[in-house]
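Here is what each chain is made of, one letter per residue.
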Amino acid sequence: MSKLSIRSFFGDKLFYKEVTGIALPIMAQQFVTSFVNLIDNVMVGGVGQTALTTVTVANRFYMIASSIMFGLCGAAGIYIAQNYGAGKNERCQKILNINLTVGFLLMALFTGVLFVTPAWTIHLFSRTPEIVELGLEYILFAKYTYIPYGISISCMMAMRAIGLNKIQLKVGVITVLTNTILNYILIYGKLGVPAMGVKGAALATMIARLLEMAIYIALLIRQ
């Protein structure tokens, strides 16, 4: 039996360079993506504690939906990566189409629940009358972010599976900047726009998510 050296457990410089080149953009992009909804919590905090609690509570239903989508897209991404490595590009497209369809239907289901029984989704996490009332105002616009997010994350994970890791970071930065600027204008009533509070936060996120989806669709068509 040959002796094992310590070096055999570590890769060479090229290995670490390649891993870092893949991992860092993914980590940064994932942080930026998660920050889109977090920014609502941060900026609404300037309105008051009740508003902050309301946005946090209302976003818990969204977190359930996004977690399911992340698992679905992660599984699809594995199959896309395998087929892409084997040169089966047509099969990759079929998997992406299935993922987009299932993701759309899944997020449409969550959106439908918000349309039919919005108060029930708030009651799952809080029954305080003030929070429920403000939460319904937030959901008025927030419910339109579910489907765009489902399409965006499907495209994002598919691109990641074939080695396109830097595009998502750029799209994420654009989305966060759009959301932050619109939050500032709509929540606090700047540039002549009336202060909308939690409604403004939801509207800003809706516009940012729609922009994100539009960019990903354009990238898919182009590439």
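As shown above, the structure is provided for reference.
Residues numbered from 1 in each chain as written. Predicted model: local features only at pLDDT ≥ 70, side-chain atom pairs only at ≥ 80, totals over all residues. Heavy atoms only, no water.

1. Points about the packing of aromatic side chains
Per the stated rule, a full pass over the model turns up six aromatic pairs. What links up through ring pairs into an aromatic cluster is the set Phe61, Tyr62, Phe110, Tyr146 and Tyr149. Over the ring of phenylalanine 115 we find lysine 143, and its NZ or CZ is 4.0 Å from the ring centre. (Phe/Tyr/Trp six-rings, centres within 6.5 Å; stacked < 30°, edge-to-face > 60°. Lys NZ or Arg CZ within 6 Å of the ring centre and 35° of its normal.)

2. A short note on the side chain of threonine 178
Tracing the backbone through its elements, the reader meets threonine 178 in helix 7 (residues 166-188). Given a relative accessible area of 18%, threonine 178 falls into the buried group. Apart from residues lying up to four places away in sequence, threonine 178 is in contact with Ala208 and Leu211. (Helix = DSSP H or I, 4+ residues; strand = E, 2+ residues; numbered from the N terminus. Buried < 20%, exposed > 50% of the residue type's maximum accessible area, 1.4 Å probe, protein only. Contact = heavy atoms within 4.5 Å.)

3. Comments concerning the state of the cysteines
One pass over the structure, following the stated rule, counts zero disulfides. Here cysteine 73 is not disulfide-linked; the sulfur of cysteine 155 is the nearest cysteine sulfur, at 8.9 Å. (Disulfide = S-S within 2.5 Å.)

4. A word on unusual backbone geometry
Phi at leucine 191 is positive, roughly 55 degrees, even though this residue is not glycine. Judged by relative accessible area, which is 76%, leucine 191 ranks as exposed.

5. Some points on the nonpolar core
By size, the foremost hydrophobic cluster in this structure holds 30 residues, and its most contacted members are Val44, Met69, Tyr138 and Tyr146. Of all the elements in the fold, those that place two or more residues in this core are helix 1 (13-44), helix 2 (49-85), helix 3 (89-116), helix 5 (129-142), helix 6 (146-161) and helix 8 (198-222). Tallying contributions element by element places helix 2 first for this core, with nine residues. Once residues within four sequence positions are removed from consideration, valine 44 is found in contact with Ala51, Leu52, Val55, Ile187, Tyr188, Val198 and Ala201. (Core = buried A, V, L, I, M, F, W, Y, C linked by side-chain atoms within 4.5 Å.)

6. Quick notes on helix 5
In this model helix 5 runs 19 Å from its N-terminal to its C-terminal C-alpha over 14 residues, within 8% of the 20 Å that 1.5 Å per residue would give. For helix 5, the set of buried residues is Ile131, Val132, Gly135, Tyr138, Ile139 and Ala142. (Expected span 1.5 Å × (residues − 1).)

7. Structural notes on empty space enclosed by the protein
Once rolled over the atoms, a probe with the size of a water molecule shows which space is left empty. Scanning the entire structure with this criterion turns up one cavity of 30 Å³ or more. Size it by volume and the largest cavity reaches roughly 90 Å³. Taken together, 14 residues form the lining of the largest cavity, with Asn59, Tyr62, Tyr138, Ala142 and Tyr146 sitting closest to its centre. For the lining of the largest cavity, the element with the most residues is helix 2, which contributes four residues. For the lining of the largest cavity, the residue count by class is nine nonpolar, five polar and no charged. (1 Å grid on protein atoms, 1.4 Å probe; cavity = no way out; pocket = protein on both sides within 12 Å on 5 of 7 lines; lining within 4 Å. Points joined across faces, edges and corners; volume = space filled by probe spheres on them. Nonpolar A, V, L, I, M, F, W, Y, C, P; charged D, E, K, R; others polar.)

8. Quick word on the pattern of salt bridges
Counting across every chain of the model gives one salt bridge. Measuring nitrogen to oxygen at the nearest pair gives 2.9 Å for the salt bridge that ties glutamate 212 to arginine 209. Of this pair, glutamate 212 and arginine 209 both sit in helix 8, three residues apart, which is roughly one turn of that helix. For arginine 209, a relative accessible area of 1% translates into the label buried. (Salt bridge = Lys/Arg side-chain N within 4 Å of Asp/Glu carboxyl O.)

9. Some details on the environment of lysine 190
Here lysine 190 lies in the loop between helix 7 and helix 8. Setting aside anything within four residues of it in sequence, one finds lysine 190 in contact with Tyr184 and Ile185.

10. Observations concerning the packing of helix 2 against helix 3
Helices that pack against each other are described as a pair by the angle of their axes relative to one another and the distance between those axes. Where helix 2 meets helix 3, the axes come as close as 9 Å, and the angle between the chain directions of the two elements is 175 degrees. Classed by the angle they form, the pair helix 2 and helix 3 counts as roughly antiparallel. Its residues placed into classes, the contact of helix 2 with helix 3 shows 20 nonpolar, four polar and one charged. (Axes fitted to C-alpha atoms, helices over the stretch in contact; angles between N-to-C directions. Parallel < 35°, antiparallel > 145°, perpendicular 65-115°, else oblique.)

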